[in-house]
Amino acid sequence: MPQSPIRKLVPYAEAAKKRGTKVFHLNIGQPDIQTPQCALDAVKKNNLKVIEYSLSEGSETYRTKLAAYYAHNDIVVNADDIIVTTGGSEALLFVFGSVMDVGDEVIIPEPFYANYNGFSTASGISITPIISKIDNNFALPPIEDFEKLITTKTKAILICNPGNPTGYLYSKEEVKKLSVIVKKYDLFLIADEVYREFVYDNTKHYSILKENELDDHAIIIDSVSKRYSMCGARIGCIVSKNKEVMRTALKFAQARLSPPTYAQIASEAALDTPQIYFDSVIREYATRRDILIKELKKVDGIKVAKPKGAFYCIVQLPVKSADSFAQWLLEAFEYNNATIMVAPAAGFYSTPVLD
Ligand SMILES: Cc1ncc(COP(=O)(O)O)c(C=O)c1O
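Remember, it's a predicted structure, so these values are computed and weren't measured experimentally. For every chain, the first residue of the written sequence is number 1, and numbering continues from 1 onward in sequence order. Note on the predicted model: pLDDT of at least 70 is required for a residue's local features to be given, and 80 or more for side-chain atom pairs to be given and counted; whole-chain, interface and lining totals, by contrast, use all residues. Just so you know, side-chain values use all the structure's heavy atoms and leave hydrogens and water out.

Engineer: Which residues make up the pattern of salt bridges, and what values do they have?
Structural biologist: By definition here, a salt bridge exists when the distance from a side-chain nitrogen of Lys or Arg to a carboxyl oxygen of Asp or Glu is within 4 Å. Enumeration according to the criterion identifies 23 salt bridges in this entry. Notably, a salt bridge pairs Arg288 with Asp32, separated by 3.0 Å at the nearest N-O pair. Of this pair, Arg288 sits in helix α10 (residues 275–296) while Asp32 is found in the loop between β1 (22–25) and α2 (37–45), placing the two residues 256 residues apart along the sequence. Relative accessible area decides the class of each residue, using a 1.4 Å probe on protein chains only: under 20% of the type maximum gives buried, over 50% gives exposed, and in between gives partly exposed. According to the relative accessible area criterion, Arg288 is partly exposed, its value standing at 35%. Measuring nitrogen to oxygen at the nearest pair gives 3.4 Å for the salt bridge that ties Asp145 to Lys148. Placement of the pair is Asp145 and Lys148 together in helix α6 (residues 143–149), with a separation of 3 residues, close to one helical turn. We count a stretch as a helix when DSSP gives it H or I for four or more residues in a row; a strand needs E for two or more, and each element gets its number in order from the N terminus.

In structure tokens form, the structure reads like this:
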């Protein structure tokens with residue numbers, strides 16, 4: 001199993017904290033935004049006498065309300081098209097296991113969310129990377145390049161939209177190109193849409209499930225972690241209209257019995273979060289992004305793409321080794337008794353990077 005680049009420098013961060021240095025954690029997608037009050041209250045105020053298992057696919061009431069959330073986002077699904085999972089992480093693992101056998105391949109534009117490396121290793125499948133470039137903000141690589149990488153072992157294309165760590169938001173046209181190719185080669189299109197709400201500059205997210213005729217191919221990975229700042233709830237879901245995929249994923253879900261009960265109560269209540277909450281969170285993230293990009297651009301030799309979504313930023317630094325630099329920030333650097341922790345980007349690639 002590969003180490004997570006997001007967490008591998010934790011011992012250095014802990015040592016810095018012990019020395020009395022404040023560490024700003026820019027390495028991990030843990031929002032500092034408050035969880036919606038309605039979600040917290042639902043847990044505090046309920047009077048469960050026994051914390052029972054729920055259904056393996058998740059509670060009926062939660063899935064029904066989730067279907068209404070998707071309808072509100074122009075994604076037409078019903079409760080049966082949803083399996084609730086322990087975070088988007090478990091959704092990824094179940095989907096990899098459900099659509100691929102050991103030795104199969106999934107094509108993923110890189111850099112990509114680092115834990116795709118871990119989940120593919122755990123599932124015995126291999127990632128075929130296709131490089132997206134900082135020079136065009138990590139846009140979708142040419143579709144012909146995808147085509148060249150398809151082999152008899154290729155079962156799926158996975159995109160993260162908006163992207164972690166790139167912040168790239170795939171356009172409707174890019175999603176349409178992908179939908180043509182997955183139909184042509186009979187592949188699955190897996191879209192990790194856990195950052196769906198977080199898009200900036202008046203852009204709009206275009207879900208793969210808005211694509212007509214993609215029902216048999218499209219699988220969405222979703223999560224409450226970032227949407228409602230509920231990372232510790234550990235609730236996500238798989239959404240697909242492909243019945244066979246869902247039947248198989250349910251077997252994985254049955255093996256782990258059920259997703260957490262209290263967290264489903266919180267997640268169901270979170271669906272009542274008013275739009276005003278999102279409006280203010282999006283404004284806050286956009287402001288932070290603008291400050292970060294503006295300040296980074298003042299540094300000579302830095303290349304940075306302006307994120308259109310999510311809340312990450314990948315930066316090309318004028319250093320020999322990003323790993324050593326990130327470690328140095330924690331071991332030797334401080335400014336006003338504080339430093340930052342970042343995640344070295346090599347772990348967000350499956351192509352070996354020099355550093
Ligand atoms: C792109 C992406 N997918 C999935 C996850 C998994 O999140 P969780 O398991 O908390 O739902 C994360 C977490 O950072 C992520 O960034």
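Engineer: Describe in detail the side chain of Asp81, supporting the description with residues and values.
Structural biologist: For Asp81, the location among the structural elements is in the loop between α3 (60–72) and β2 (82–85). Relative accessible area serves as the criterion here: at 2%, Asp81 is assigned to the buried category. Reaching out from Asp81, the side chain makes a polar contact with the side chain of Lys241 at a distance of 3.2 Å. Contact criterion: two residues are considered in contact whenever any of their non-hydrogen atoms come within 4.5 Å of each other. When neighbours within four sequence positions are excluded, Asp81 is seen to be in contact with Ile238, Val239, Ser240, Lys241, Lys243 and Met246. A 3.5 Å cut-off defines polar contacts: any pair of N or O atoms within that distance qualifies, except that in protein one atom must be a possible hydrogen donor and the other a possible acceptor, and neighbouring residues in sequence count only when both atoms are side-chain atoms.

Engineer: Any chance you could break down the site of the ligand for me, citing the residues and the numbers?
Structural biologist: Only heavy atoms are used to decide nearness, and a residue is near a molecule or strand if one of them lies within 4 Å of it. Within the structure, the ligand sits among 14 residues, and Gly88, Ser89, Asp192, Tyr195 and Ser223 are positioned closest to it. For the ligand, an oxygen atom lies 2.8 Å from a polar atom in the side chain of Asn164. Measuring from an oxygen atom of the ligand, one finds a side-chain N or O atom of Ser223 at 2.6 Å. Within the complex, 94% of the 390 Å² of free accessible area of the ligand lies under protein. In terms of residue count, the dominant contributor to the shell around the ligand is helix α4 (residues 87–99) (3 residues). The residue makeup of the shell around the ligand, split by class, is 5 nonpolar, 6 polar and 3 charged. Computed by Shrake-Rupley with a 1.4 Å probe, the accessible areas treat only the displayed protein chains as cover when residues are assessed. Under the convention adopted here, Pro, Cys and the residues Ala, Val, Leu, Ile, Met, Phe, Trp and Tyr are nonpolar, Asp, Glu, Lys and Arg are charged, and Gly plus all remaining residues are polar.

Engineer: Before we move on, could you go through the sheet that holds strand β6 (residues 188–192) and cite the residues and values that matter?
Structural biologist: Note: two strands are recorded as paired if DSSP finds a minimum of 2 bridges between them. Taking strand neighbours across the sheet as the criterion, the 7 strands line up as β2-β8-β7-β6-β5-β3-β4 in an open arrangement whose pairing is mixed. For this open sheet the edge positions go to β2 and β4 (126–131), each flanked by a neighbour on one side alone. On average, each strand axis in the sheet is tilted by 25° relative to the strand beside it, whichever way the strands run. Relative to strand β8 (residues 236–240), strand β7 (residues 218–223) is paired through 5 bridges, and the arrangement is antiparallel. For Ile220, the partnering residue across the bridge sits in β8 and is Val239. Strands β2, β7 and β8 of the sheet are contacted by α3, whose axis makes an angle of about 115° with β2. Fitting a line to C-alpha atoms yields each axis, with helices limited to the stretch in contact; the angle taken between N-to-C directions then spans 0 to 180 degrees.

Engineer: Residue-level account of the packing of aromatic side chains, with values.
Structural biologist: Centres within 6.5 Å are what make two rings of Phe, Tyr or Trp a pair, Trp counting through its six-membered ring; a difference in plane orientation under 30 degrees is then read as stacked, over 60 as edge-to-face, and the rest as tilted. Taken as a whole and assessed by the stated rule, the structure comprises 15 aromatic pairs. Ring geometry for Tyr168 and Tyr170: centres 5.3 Å apart, planes at 70°, overall edge-to-face. Tyr170 carries the same exposure label as Tyr168, and that label is buried. Ring centres of Tyr285 and Phe311 lie 5.0 Å apart, and the angle between their planes is 55°; on these two criteria the pair is classed as tilted. Linking Tyr285 in helix α10 with Phe311 in the loop between β9 (303–304) and β10 (315–316), this pair joins segments that are 26 residues apart in sequence. Look at Tyr285 and you get buried, because its relative accessible area is 7%. Classification of Phe311 by relative accessible area gives partly exposed; the value is 22%. Over a ring means this: the NZ of a Lys or the CZ of an Arg is within 6 Å of the ring centre and within 35 degrees of the ring normal. Residue placement shows Lys22 over the ring face of Phe24; its charged tip is 4.9 Å from the ring centre.

Note that all results are geometric; they support no functional claim without further evidence.
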